[in-house]
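# What the coordinates show
Chain by chain, the residues:
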Amino acid sequence: MINRKIALTLATALSLNQLVFGENWLQYRGTDHRGISIESETPTTLSKEKNIAWKTPLPGRGLSSPIVVGNLIFITASSTADQSRLHVICANTDNGKIEWNRQFWATGRTICHDKTCVAAPTPASDGKHIYALYSCNDLICLDLKGNLKWIRGLMQDYPNASNSLGLASSPIIVDETLIVQIENDSDSFVSGINLKDGSNLWKLPRTKRANWTSPIKLNEKEVAIQGSEGITCVTAKTGKIQWSYSEGASTIPSSVSTPGGTMLYVPSNGITAIKPRKDNNTPEIIWQESQLRPGTSSPLIVDNKIYIINRAGVLNAAQKNTGERLWRLRLDGPFSGSPVSSNGHIYVASERKGIFQSIDISGKEGKISGSIELGETILGTPAIANNSIFIRSDGHLWKISNPKG
Amino acid sequence: MNSLPLLAEQTPIEAILAIGPEGKGNTKASEAWGKLTTHSDQKTLMMLFDAMNDAGPVASNWLRSAAEVVFKNLEEKQIASSNVLGEYFLNEKNPSKARRFAFELIKRNAPEAANEIIPGLLNDPSPELRRDAISLLIKKGQSLENENKKDSAILIYRQALNSAIEADQVKLLSEALKRLGTEVDLPKHFGFLMRWHSIGPFDNTNRTGFDKVYPPEKEVNLTSEYEGKGQIASWKPIESYDPFGKVDFNKPLGLLKETVAYAYTEFESASTRTAELRLGCKNAWKIWVNGDFIFGRDEYHRGQKIDQYKMKIQLKKGKNTILVKACQNEQTEEWTVQWEFQLRVCDETGVAILASNRKATPTQDKTQRRPRRPKKS
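None of the values given here were measured: they were computed from a predicted structure.

Our focus in this paragraph is the overall build of chain A. Of the regular secondary structure elements, chain A holds 3 helices and 32 strands. A globule of 405 residues ought to have a C-alpha radius of gyration of about 22 Å, and chain A, at 20 Å, matches this closely. Taken along its principal axes, the extent of the C-alpha atoms in chain A is 55 × 50 × 50 Å. A burial count over chain A gives 56% of its 405 residues as buried. Partitioning the intrachain contacts of chain A with sequence separation of at least 6 by distance along the chain shows that 53% fall at a separation of at least 24.

Here you go:
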């Protein structure tokens, strides 16, 4: 009996990252939802000839990031003239071969701004299943082999839960609960979805205002929901509201937290660093810097610094504890996707021509250490796993890594 | 002694068809999906397709993905046949999306035959199948145009346009024909409703007008007048001159903000039938048909497209009334000037249903100009 208890405790203690062999990237901005890979030795000085391991054509458009489970990459896409065909695609990380491509019909409205598309939200995984959400509010769960586990037509259930510009919030998994944030001018809500059958564990009404931010993992139990009014912290399993920050926040870039959720960096009046209190009263504002104003990209924290890409495509570095600005570096922008980091570098791809850039952040000032022109519009955020970076356009999925041997 | 009748065990197909809202029935459907996809026989494949005839949108997705796997099983065993699928595809009474899916599977199995079939799909009830046939004609027309064979190109474009229902293809064809000197009556082609009576303005301060019931929602009497927002509201005739049927409240009422207006029209149907109302609107809106509320949405200035909203309705033979409520909000940016909607009546495929007494498409006095700047009311 004791042995069983110990085994169960150990199993619970294992992070999602360890469920499948190798390093995983299980959701938007990675398993820990902070856009960082600690393990990967990713390439730094980039060259098209040496570092593009493979390039695989995709059957449809998409802004969603790839996610990685073991040696499999999962990605969503939407195709046909009205983008009413939804795809969940599984490819092999070694060679880019498409293992399977499951297709579904959109059951909700597919209208969106021409720049975005129906496959905008990044899917999430618990290491065993893939949870794919689309702008038409179809939510699909498949196992890693492509076997269908459940489907929700959220716009069938809630006919006014849509945004005519398109939705983009990426669901995340916290405490075995899929957090889905659907915010728009009409029927807005955030819901905790049961991973097993897709039913609602809880559903909270939200402000009726368009919002493209994603839920933010604070710690193993709590999630921060960002909207025009600010931040609401809820318990992932129950939806119980813990605390709120009501100074307003952006509806495009999402906040980022430190491990354990001890600090949350909110795109609010530039960036506002808030510290949740143990008694759940209004969080303490640690600093606020109006000059650190992210454009579309979400902020990134690496070690003791916070990094912001502003509307002009300038990367700003600041001290994460004080907000003190340290250096600025003009990148080849503009950017819609968010930066990610590994191996002492930041990676981000520009919208125009898909210029994939690596920025060395190990020194006193940042410097661009390499770039590859992928030649296609890229609006999504890269994924990092097993020493490789995966990035997609409307047409292709790329693996960028160091040459073998 | 009477015994209780045994409850018949639910078949896998029945389990999938039984799924309900908010994820109800997903667990049983998942088990059923697992059972169905272990099969690799034509009978199971066709059972899945046949079930799509009775399935709602979400259940159809369960069935579709199961059929995809069963077909792959058949392919792997090299026993996939196009014949039975072909029968399903050829029956135009089957659901459009399912027929398109059947065609795609046939194409995987017999690509040459599928390509031969495409030109014959010009008037198919499935918009996706029809689209392929129209694309072929567009390419042919462009080729003739490039060869400077103007008359032949016009003929081909005209033939394509007669069948085209999707806005992007219709626009492309009408532009091509215009380039070659042939005008197209787009409102008639789409079935846009061009003649209305409008009334307003009513108050929408703080966006509260969407939920308020103003007099036109209780009765439509075109001779009545009401106390509006800062003025008397009375019914006025309004015509659209827009090629895509946009009815602009700014024209009769001025560039107002935080206001509500209504538009009323009558549609003479040749028969009792089902139909679709298809709306494009970037203001908050509600629609009633024959006094029954159909749908409403309180979103402002997020985008407008032809066929943005599709609503199934029942038309009765003779006169049908249509009432549209459109709310303008407080925003003053240039891109929030629009206070308009575009509404058409069509069948499920998207082919226009024209009123039996439809008048010629109205034409505009081109000397009229429209101010663009909004003002706060």
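Next comes the rest of the account.
Let's shift gears to the overall build of chain B. Helix and strand content of chain B: 13 helices and 12 strands. Look at the contacts in chain B between residues 6 or more apart in sequence, and 71% of them connect residues 24 or more apart.

A few words now on the pairing of strand 24 (residues 314-319) of chain A. Residue and element names in this part refer to chain A. With 5 bridges connecting them, strand 23 (residues 305-309) and strand 24 associate as antiparallel partners. Looking at strand 24, one finds that Y307 is bridged to A317. Between strand 23 and strand 24, which follow one another and run antiparallel, lie 4 residues, and G313 among them has a positive phi close to 80°. Where strand 24 hands over to strand 25 (residues 325-330), the hairpin turn is made up of 5 residues, of which G323 adopts a positive phi near 85°.

Quick look at the nonpolar core now. Residue and element names in this part refer to chain B. Core analysis: the largest hydrophobic core is formed by 166 residues, its most contacted members being I16, L63 and A102. Looking at which element gives the most residues to this core, the answer is helix 4 (residues 57-76), with 10 residues. Viewed by domain, this core spans two of them, domain 1 (12-109) and domain 2 (127-184), each represented by three or more residues. Excluding anything up to four places from it in sequence, L63 contacts I16, L48, A51, M52 and A55. The next biggest cluster of nonpolar side chains, apart from the first, holds 42 residues, and it includes F190, I238, A263 and W339.

Let us now look at the interface of chain B and chain A. Between chain B and chain A, the residue contacts involve 29 residues of the former and 30 residues of the latter. Elements represented by at least two residues in the side of chain B that touches chain A include exactly helix 2 (26-36), helix 4 and helix 8 (127-146) of chain B. Counted by class, the side of chain B that touches chain A contains 6 nonpolar, 10 polar and 13 charged residues.

Attention now goes to the packing of helix 6 (residues 96-109) of chain B against helix 8 of chain B. Residues and elements named next belong to chain B. Put simply, helix 6 and helix 8 touch, their axes get as near as 8 Å, and they point 55° apart. With respect to helix 8, the axis of helix 6 lies oblique. Touching S96, R99, R100 and F103 of helix 6 are P127, E128 and L129, all from helix 8.

A word on the environment of G20 of chain B. Tracing the backbone through its elements, the reader meets G20 of chain B in the loop between helix 1 (12-17) and helix 2. Note: C-alpha distance between G20 of chain B and A59 of chain B (39 residues apart in sequence) is 8.9 Å.

With that settled, consider the pairing of strand 12 (residues 189-194) of chain A. Residue and element names in this part refer to chain A. Pairing analysis gives 6 bridges linking strand 11 (residues 177-182) to strand 12, with the strands arranged antiparallel. When the sheet's bridge partners are listed, T177 is paired in strand 12 with N194. Taking the residues between adjacent antiparallel strands as the criterion, strand 11 and strand 12 are bridged by 6 residues. Of the strand pairs in this sheet, strand 12 and strand 13 (residues 200-205) are connected by 5 bridges, and their pairing is antiparallel. Bridged to F189 within strand 13 is P205. Here strand 12 folds back onto strand 13 in antiparallel fashion, the turn holding 5 residues, of which G198 has a positive phi close to 80°.

Residues and elements named next belong to chain A. On the basis of which strands lie adjacent, the open sheet formed by 4 strands has the order 6-7-8-9 and antiparallel pairing. A strand with exactly one partner marks an edge of an open sheet, and here the two such strands are strand 6 (124-125) and strand 9 (148-153). Note that strand 8 (residues 138-143) and strand 9 share 5 bridges and pair antiparallel. Bridging across to strand 9, D138 finds its partner in G153.

A few words now on the sheet that holds strand 8 (residues 284-289) of chain B. Residue and element names in this part refer to chain B. Strands sit in the order 4-1-6-11-8-9 across an open sheet of 6 strands; the sheet is antiparallel. In this open sheet, the two edge strands, each paired with only one partner strand, are strand 4 (236-239) and strand 9 (292-297). Put simply, the sheet's adjacent strands are angled 25° from each other on average, direction ignored. Relative to strand 4, strand 1 (residues 195-203) is paired through 4 bridges, and the arrangement is antiparallel.

Domain parsing of chain B yields domain 1 (12-109), domain 2 (127-184) and domain 3 (190-346). A C-alpha centroid distance of 40 Å is found between domain 1 of chain B and domain 3 of chain B.

Residues and elements named next belong to chain B. Relative to each other, helix 2 and helix 4 sit at 20°, their axes nearing to 9 Å. Here helix 2 lies roughly parallel to helix 4, going by the angle between them. Helix 4 is crossed by helix 2, and the crossing has right-handed handedness. Judged by residue contacts, A29, W33 and L36 of helix 2 engage W62, A66 and V70 from helix 4. For the contact of helix 2 with helix 4, the class distribution of residues is 6 nonpolar, no polar and no charged.

Time to look at unusual backbone geometry. With an omega of 0°, the peptide bond running from G333 of chain A to P334 of chain A counts as cis. Tracing the backbone shows P334 of chain A in the loop between strand 25 and strand 26 (340-342). In the segment running from G200 of chain B into P201 of chain B, the intervening peptide bond is cis, with an omega of -5°. Mapping P201 of chain B onto the fold places it in strand 1. Non-glycine residue D175 of chain A carries a positive phi angle of around 50°. With respect to the secondary-structure elements, D175 of chain A resides in the loop between strand 10 (172-174) and strand 11. Looking at D175 of chain A, the number of C-beta atoms within 10 Å reads 16, which means it is partly exposed. In the Ramachandran plot, N280 of chain A falls in the positive-phi region, its phi being about 65° despite a non-glycine side chain. With respect to the element layout, N280 of chain A can be found in the loop between strand 20 (271-275) and strand 21 (284-289).

Note: α-helices contain 3.6 residues per turn, so residues at a spacing of three or four share the same orientation. The set of residues buried in helix 2 of chain B consists of N26, A29, S30, A32, W33 and L36 of chain B. Down the axis of helix 2 of chain B, the buried set is contained in an arc of 165°. They therefore lie on one face. On its buried face, helix 2 of chain B is in contact with strand 9 of chain A together with helix 1, helix 3 (42-52) and helix 4 of chain B.

Now for helix 3 of chain B. All names here are of chain B. Taken residue by residue, helix 3 has T44, L45, L48, F49, A51 and M52 as its buried positions. Considered in projection along helix 3, the buried side chains sweep an arc of 160° and stay on one side of the axis. On its buried face, helix 3 is in contact with helix 1, helix 2, helix 4, helix 5 (82-90) and helix 6.

Cut-offs and rules
Residues numbered from 1 in each chain as written. Chains lettered and ligands numbered in written order. Predicted model: local features only at pLDDT ≥ 70, side-chain atom pairs only at ≥ 80, totals over all residues. Helix = DSSP H or I, 4+ residues; strand = E, 2+ residues; numbered from the N terminus. Rg over C-alpha atoms; globule rule 2.2 N^0.38 Å. Buried ≥ 20, exposed ≤ 12 C-beta atoms within 10 Å, placed from the backbone. Contact = placed C-beta atoms within 7 Å. Pairing = 2+ DSSP bridges. Core = buried A, V, L, I, M, F, W, Y, C linked by C-beta atoms within 7 Å. Domains from an automatic or database assignment. Nonpolar A, V, L, I, M, F, W, Y, C, P; charged D, E, K, R; others polar. Axes fitted to C-alpha atoms, helices over the stretch in contact; angles between N-to-C directions. Parallel < 35°, antiparallel > 145°, perpendicular 65-115°, else oblique. Left-handed = near helix turned anticlockwise from the far one by under 90°. Arc of directions from axis to C-beta.

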